[in-house]
Amino acid sequence: MWWFGGTPGRSAGAPVGAQVVWRGPALWSAGVSVRQVRGADGLRLAVFGPCGATDAELACLATVAEIDAVATAWSGAYTLVLDDGHGALTVWADPAGAAPVYVTRTANGPVWASSSLALASLIGAVPDTAWLAAHLADPTTWVPDRSAWADVEQIPPGHRWTAAERGACTIAPFWCRLELAWPDAVRRLRDDLTGAVAVRVADRVVSSDLSGGLDSSTLTVLAAKHGPVTGFTYHPEGREEGGDLDHARVVAGAVPRIRHRLMALGPEHLPFAGPGTLPPTDEPAPSAITFAQFDAQLSDLASDGVSVHLTGDGGDSLFMPPPTHLADLARSGRLLRLARDAQTWARLYRTSPWAAVASAVSDPGKLGTAVAMPWLTTDTRDLAASVTAAHRDTGGLGHADAMLLQEVRYVGRTAATENQLAAAHGVTMHNPFTDTRVLETVLAAPAADRWSARRYKPMLSDAVAGLLPPSVLGRGAKGVFTADHHHGLRANKAAVLDLVDGHLAALGLLRPAALRSLLRNAVLGADIPWGLIEPVLGTELWLRAAESAARTIRWESTA
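Residues numbered from 1 in each chain as written. Predicted model: local features only at pLDDT ≥ 70, side-chain atom pairs only at ≥ 80, totals over all residues. Heavy atoms only, no water.

Some remarks on the sheet that holds strand S16 (residues 428–430)
Strand order in the open sheet formed by five strands is S14-S13-S12-S15-S16, with parallel pairing between adjacent strands. Looking at strand neighbours, the two that pair on one side only are strand S14 (258–265) and S16, the edges of this open sheet. Averaged over all pairs of adjacent strands, the angle between strand axes in this sheet comes to 25°, irrespective of strand direction. Across the sheet, helix H4 (residues 182–201) touches strand S12 (206–209), strand S15 (308–310) and S16, and the angle it forms with S15 is around 160°. Those strands touched by helix H6 (residues 243–254) are strand S13 (229–236) and S14, and its axis lies near 160° from that of S14. (Pairing = 2+ DSSP bridges. Helix = DSSP H or I, 4+ residues; strand = E, 2+ residues; numbered from the N terminus. Axes fitted to C-alpha atoms, helices over the stretch in contact; angles between N-to-C directions. Contact = heavy atoms within 4.5 Å.)

Have a look at this one:
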């Protein structure tokens, strides 16, 4: 299901409530809820996506003059839309970006939708080169007034977009962060996670990733409180014990309602298997390189009759940040804590603590993440720098909080693309860690308390104490799968190298020789920054899929 609307009272752009049919690939699962209530004088309020509000609460909300203050009051990831009955429409975009909303302008007025690809097909847009440059330079970065498609704009998360009768549009922030002491934030986090899962799984056939780590184990156990849940665990073909698998078995054994489902990964599931087969999505999906594995999992879930699948996406971003808080310690004059944390970080990664201190004082952007990217052209870096900016509502945040918010909003937005891929199988994917209330609670705790090189995910660990088996709760790491990338690259070398000389190179965004050399080294076993290379190759695959999508989509109005 995708959502689409124009300005009330306008003859074109499809007034809210009119039916507009898009003939093309499905972009949203039919399991996403849409609820609407009516108020006085023609007022209508709709909520799109999972939302913990009761019908009575929504009816009451439709009578409230100031919705900003309560727009994030409930569990879930949802968008609110208000037609005031007098020619104005307002859309509240969720602060975590997990229910992204896009707008464009047609000859007859502004139009909004939950899918940027849907709007791109409506106006005949092509991929936006500047957005692509920014995405290659840093996938998590915010590009104001743009999306992956030219002339289609994402409403900034945490902002409301209002379109008046004559088509004039305004955007203003509505979301403010909380501040809580550590014990209060931990208690609220457990409540918020419980609510985030509950609003999605009640009366549904549910599955959940179950890697044996904190994130997925938490969601699986919380889901099991509402009924049977299938816990889904990957393992290498021919190896059915050790590592993640053992921890997953402990969780499943401790909770009778968990049905443990194993998926053996063979050569056909390796990264890079079958490049060029991606369905179209709003933007490059994080799973593009591992799509063979992801698609096989979805197929298995669908065959089991699963309608809702939970993933732990966003958990690492929330609970395992790099030491970006060092910049805040430096600026607040907490020099002893700065020195201690810098030394701890340096010992963990066998680097100099002075480099971390210097970055904290003079260049916070390099804290824990600075890597050269010789495969990008100078023009790419310059173009990316010219269009990126901080989120509009991060001015009062410390460096660590601003970086966490940027990362979580990226995860939330791109999780929507994974949901589009899942929709082809009739499965609705959900990512409770990207809910606004969960994000609010994490940001409410002091950044320096959330970070630790000695404890694994301290805030989540405290919040779920007593919920998970002790051996899982005390786990200090999780499985690493870079070896699979090397194997997949060797098995699909020709197809991967073909991606290097594609659309990105033709746009002048990529230095093919540099990337080709890096990939050939990886074939030989050299360690390369996969986290930076995957978005490049995934973007090339997306551009190829986007080419065909534009030819297969057509709109028709049935108003």
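Quick word on the environment of histidine 269
Inspection of the secondary structure assignment puts histidine 269 in the loop between S14 and helix H7 (291–303). The class for histidine 269 is buried, based on a relative accessible area of 11%. The spatial distance from the C-alpha of histidine 269 to the C-alpha of glycine 488 is 8.6 Å, given a sequence separation of 219 residues. Ignoring any residue separated from it by four or fewer positions in sequence, one finds histidine 269 in contact with Met263, Ala264, Ala292, Gln293 and Ala296. (Buried < 20%, exposed > 50% of the residue type's maximum accessible area, 1.4 Å probe, protein only.)

Focus: helix H12 (residues 378–387)
If you check which residues of H12 are buried, you get Thr380, Ala384 and Val387. Taken end-on, H12 shows its buried residues confined to a sector of 75°, consistent with a single buried face. Set apart from the buried face of H12 by more than 90 degrees, the exposed residues are Asp379, Ala385 and Ser386. For H12, the secondary structure elements touched by its buried residues are helix H3 (129–137). (Arc of directions from axis to C-beta.)

Here we look at the pattern of salt bridges
If charged atoms from side chains of opposite charge come close, those side chains can pair. Taken as a whole and assessed by the stated rule, the structure comprises 24 salt bridges. Residue aspartate 215 is joined to lysine 457 by a salt bridge in which the shortest nitrogen-to-oxygen separation is 2.6 Å. A residue pair is termed long-range when its members are at least 10 positions apart, and aspartate 215 in helix H5 (residues 214–224) and lysine 457 in the loop between helix H15 (447–450) and helix H16 (458–463) qualify at 242 residues. Across this residue pair, the class does not change: aspartate 215 and lysine 457 are buried. Here aspartate 316 ties to lysine 457 by a salt bridge, and the two come within 2.6 Å at their closest N and O atoms. With aspartate 316 in helix H8 (residues 315–319) and lysine 457 in the loop between H15 and H16, the pair connects residues that are 141 residues apart, well separated along the chain. Residues participating in the shared-partner salt-bridge network are Arg188, Asp192, Arg437 and Glu440. (Salt bridge = Lys/Arg side-chain N within 4 Å of Asp/Glu carboxyl O.)

Quick notes on unusual backbone geometry
Of note, the phi angle at aspartate 41 is positive, near 60°, even though the residue is not glycine. Of note, aspartate 41 is situated in the loop between strand S3 (34–38) and strand S4 (44–48). Of note in the backbone geometry, aspartate 145 takes a positive phi value of approximately 65° without being a glycine. Among the residues examined, aspartate 145 registers a relative accessible area of 46% and is labelled partly exposed.

Here we look at the pairing of S12
Looking at chain direction, S12 and S13 are connected through four bridges and run parallel. Residue pairing for S13: serine 208 is matched across the bridge by glycine 231. Note that the unit made of S12, H5 and S13 has a crossover that is right-handed. When S12 meets S15, the two strands line up parallel, connected through three bridges. Within S15, the residue paired with serine 207 across the bridge is histidine 309. (Right-handed = clockwise from strand over helix to strand, strands pointing away.)

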